[in-house]
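Coordinates in review
The lines below spell out each chain.
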Amino acid sequence: MPIKPSAQTYRCPACNWSKTVVPNGDALIPGDISSACPKCGHKQLESKKASAILEAFTSLIDVIRH
Ligand SMILES: [Zn+2]
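Residues numbered from 1 in each chain as written. Predicted model: local features only at pLDDT ≥ 70, side-chain atom pairs only at ≥ 80, totals over all residues. Heavy atoms only, no water.

**What about the environment of Lys49?**
We count it as follows: Starting at the N terminus, helices and strands are each numbered in turn, a helix being any DSSP run of H or I of at least four residues and a strand any DSSP run of E of at least two. Relative accessibility decides the category of a residue: with a 1.4 Å probe and only protein chains considered, values under 20% of the type maximum give buried, values over 50% give exposed, and everything between is partly exposed. Contact between two residues is taken to exist if any of their heavy atoms lie within 4.5 Å; hydrogens are not considered.
As for its placement among the helices and strands, Lys49 is situated in strand E3 (residues 46-49). Of the residues examined, Lys49 reaches a relative accessible area of 51% and is grouped as exposed. Spatially, the C-alpha atoms of Lys49 and Ser6 are 6.8 Å apart, while their sequence positions differ by 43 residues. For Lys49, the contacting residues outside a window of four places in its chain are Ser6, Ala7, Gln8 and Glu55.

So, in structure tokens, the structure goes:
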């Protein structure tokens, strides 16, 4: 059984934008999200492992969307 990749939460310290990304399969996190804020263009986003609850919630949203 493959190891499930962990969700990452990206946060912009400049405008407080944040997004939790759950990698599924071999899909990579889009470069624009991991390198710059899509809202204000700030280049140094904070990234951290999402909490288990947030990860489960985001996965659920992802399922509903598909
Ligand atoms: Zn920003």
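**Here's the deal with the pattern of salt bridges**
Operational definition: By definition here, a salt bridge exists when the distance from a side-chain nitrogen of Lys or Arg to a carboxyl oxygen of Asp or Glu is within 4 Å.
One pass over the structure, following the stated rule, counts one salt bridge. Its salt-bridge partner being Glu46, residue Arg11 comes within 2.8 Å of it at the nearest N-O pair. In this pair, Arg11 is assigned in strand E1 (residues 8-11) and Glu46 in strand E3, connecting sequence segments 35 residues apart.

**Details of the coordination of the zinc ion**
Basically, it comes down to this: Coordinating N, O and S atoms are those within 2.8 Å of the metal (3.2 Å for Na, K and Ca), and as water is not part of the atoms, a site may appear to have fewer donors than expected. Donor angles set the geometry label: tetrahedral for four donors if every angle is between 85 and 135 degrees, square planar for four and octahedral for six if opposite donors exceed 155 degrees and the others are between 65 and 115, irregular for anything else.
Coordination of the zinc ion by the protein comes from Cys12 (SG), Cys15 (SG), Cys37 (SG) and Cys40 (SG), over a distance range of 2.2 to 2.4 Å. Metal-centred angles of 106 to 113° between the four donor atoms at the zinc ion mark the site as tetrahedral. Written as a sequence motif, the donor arrangement for the zinc ion is C-x2-C-x21-C-x2-C. With Cys15 in the loop between E1 and strand E2 (18-21) and Cys40 in the loop between helix H1 (31-35) and E3, this residue pair connects regions lying 25 residues apart in the sequence. The class for Cys15 is partly exposed, based on a relative accessible area of 25%.

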